[in-house]
Amino acid sequence: MIWHSVLFALFAALACGFAAMVVISSNVVRMAFYLVLSLSATSGLFFLAGADFVGAMQLMIYVGGTLVLLVFGVMLTAQQQFVNMLPSRSEFLLAGLLGTSMLVLLASAAFSVPAWSGEGPKAAALDNAPRTSTPLALGLIGLRVDRDPNSDEPLAGYLLPFEIISVHLLVVLVGAAYLARTRVTAGSLSQLPPGGFDPDDVEADPETAEPQIAETPSA
Amino acid sequence: MAPTINWALDLLVGWAGLSVAPDAAIGYVLAALLQVAIILNLAAAGALVFIWLERKVAGRIQDRLGPTRVGGRFGWLQTLADGLKLLSKEDLMPTSADPLLFRVAPYIGMAAAVAAFVALPFAGAPHPFVAQHLDVGVFFVLAVLGLEVFSIILAGYSSASKWSLFGAMREAAQVVSYEVPLGLCAVVPVMLAGSMDLVAIGDVQRGGIWNWHVFNDPFTLVIFAVYFTCATASVNRAPFDLAEAESELVGGFHTEYSGLRWSFFFMAEYTSMLLVSLLAAILFLGAWHFPLPLGLTGDGWLGSVMGANVASYFGNLLGLLCLMTKGVLSVIVMMWVRWSMPRLRIDQVMTTCLKYCTPLAAVCFLGATAWQAAFPGGLLWRPPAPYVEMTNDEARMTKKEDAPSISSFVIRASSFKPEAHQ
């Protein structure tokens, strides 16, 4: 149907346009904003293709994840208001080189798919695949769409690799929390007064303390 | 819906000797416009009613009358007066603000709140009242709900005001934390129903109040309480409204906003309040089903009197009424909580989430799983799940006779014996 092509072109143009804006813009938060729009347009493409699960996943993980990126962008770079990032010429060149080679790689991969260029089994075979998340979940326990369940070859499910990756992620998260914690020894907590510190009472460390210029004129 | 519109159009232009194909584009465009109009008007009318209701509830809780004059006896046109006042206010923007983000921020929140309604069903089988029937409805609604926080963070950042930025950062920390227990709570009804489809989740709770997920077992009762707390926090309502905190941050993220743009933030807030309330009703409170099995559906006694199609449509209308009643009641509970509880401190908000809600949700999830394994059919009578027709028109049209359907796949899965392959 022509409407699908029109909508596809619309969403694709939005995704590409905002992706270009990410590169062109020099303000951190605007970049993140354009990235959000570009990723949302990509999820629109998924919804258009009937892949609701992947589309919602895109919204949840990538668009939602950009939120954290945005917050960290503000927190870690905001020395003054509305930071502008101006890359040097060598950085520009390097990034351009990397981006172009990536584009060439992806384009050649895309054009080498036989079903898309009219050769090989036409996309009609793909249309017949059931369009729900049920086969995806069944794939986890070993009943895969791409295999014949009545054949004798062993059916390897995705569940074990999936669980291993999940546990791995959990370990990484615990490790990150362990590394980022405040280092408090058993003794130092009990020395705190019940109401917390009074900043004026704390003796300054002579190595890190700022020189007290303010007191010199009065002395 | 689109084929129905095309069929009606075909009937209409048939007098002039023209015809409309059942898959003509005009049906799709009209169906989309109609659904968008209904959803937008639900959001707008909802905000109109809820703002008035908020004033009334606040008044009653504080031993006042609330609005009494505008529009007659109960002051029911108060929101319209508010709207006129907001329209006539001067539209201000700080000179040091980021103009693009400052302007665009209110609309993002509104768009996210309204977009989630696209996948929210208002009545169930066999022809659900839903704009786009997704088989991962729960997931979609939660994903879109999480996008609303962008508007608050962008508003806070682009205002170039420290109060706004403080509010935005608090909101970011709060929403990112509360998404964890919220997701854990939403998983439990998904597990009980065996589906992420909101229509299917609603329809397994048919047949009476004892089949509602909230009363399925003691664990789901706790899960519902945790869900309600987290939902209140995720839509930024008191006692979790640290992002505004007018006593410390002036107005929080909307300090620099005025007039119509300011009102968009509040339209978004009331719309998402209704959204999480309707989601709570669908996930836990029996969705569109009446507490007692009255049989007012196509397969009940009404179906044999009026004919199955008319009866199921009539039943869906009643179900819509039932769902909206449940949603509005839980919005009122949110207002009641807002005017009864003091605002939490940021560390208390984090403690509530990480030390109470998340472990409680995790433990109750395990408990509900064990209960489901012990009593898979529930304790009391449960009617069989009805047949739900997918409204994904495009999928229906492209379906071929020889294509393996989903049901055949599931049947193969259920007859699949692992030992045969060893």
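Residues numbered from 1 in each chain as written. Chains lettered and ligands numbered in written order. Predicted model: local features only at pLDDT ≥ 70, side-chain atom pairs only at ≥ 80, totals over all residues. Heavy atoms only, no water.

Caption draft 1: Representation of the nonpolar core in the model. All names here are of chain B. One finds Leu120, Tyr227 and Leu283 to be the most contacted residues of the largest nonpolar core, which totals 108 residues. Per-element accounting of this core gives the leading share, 14 residues, to helix H11 (residues 259-283). Beyond its immediate sequence surroundings of up to four residues, Leu283 is in contact with Val138, Ala186, Pro189, Leu198, Ile201, Gln205, His213 and Tyr227. With 5 residues, the next largest nonpolar core counts Ile5, Val20, Ala24 and Ala31 among its residues. (Core = buried A, V, L, I, M, F, W, Y, C linked by side-chain atoms within 4.5 Å. Buried < 20%, exposed > 50% of the residue type's maximum accessible area, 1.4 Å probe, protein only. Helix = DSSP H or I, 4+ residues; strand = E, 2+ residues; numbered from the N terminus. Contact = heavy atoms within 4.5 Å.)

Caption draft 2: Region of interest: the packing of aromatic side chains. Residues and elements named next belong to chain B. The tally for this structure, following the rule as stated, stands at 14 aromatic pairs over all chains. Note on Trp212 and Phe215: the rings are 6.4 Å apart at their centroids and 20° apart in plane angle, and the pair reads as stacked. Under the relative-accessibility criterion, Trp212 is labelled buried at 8%. Relative accessible area serves as the criterion here: at 45%, Phe215 is assigned to the partly exposed category. Relative to Phe228, the ring of Phe224 has its centre 6.2 Å away and its plane inclined at 45°; by these criteria the two rings are tilted. In this pair, Phe224 and Phe228 are both assigned in helix H9 (residues 218-234), 4 residues apart and thus about one turn of the helix distant. According to the relative accessible area criterion, Phe228 is buried, its value standing at 16%. The structure contains a cluster of three or more aromatic residues connected by ring pairs, namely Phe102, Phe253, Tyr257 and Phe265. Lying over the aromatic face of Trp163, Lys162 brings its terminal NZ or CZ to 5.4 Å of the ring centre. (Phe/Tyr/Trp six-rings, centres within 6.5 Å; stacked < 30°, edge-to-face > 60°. Lys NZ or Arg CZ within 6 Å of the ring centre and 35° of its normal.)

Caption draft 3: Geometry of the pattern of salt bridges. All names here are of chain B. Counting across every chain of the model gives 8 salt bridges over all chains. Where Arg261 meets Asp91, a salt bridge forms, and the shortest distance between an N and an O atom there is 2.9 Å. Of this pair, Arg261 sits in helix H11 while Asp91 sits in the loop between helix H3 (78-87) and helix H4 (99-115), and the two are 170 residues apart along the sequence. Residue classification places Arg261 among the buried residues on the basis of a relative accessible area of 12%. Glu269 is paired through a salt bridge with Arg237; the nearest N and O atoms lie 3.4 Å apart. Of the two residues, Glu269 is situated in helix H11 and Arg237 in the loop between H9 and helix H10 (246-249); the sequence distance between them amounts to 32 residues. Beyond isolated ion pairs, a larger network of salt bridges with shared partners links Glu54, Arg237, Glu269 and Arg338. (Salt bridge = Lys/Arg side-chain N within 4 Å of Asp/Glu carboxyl O.)

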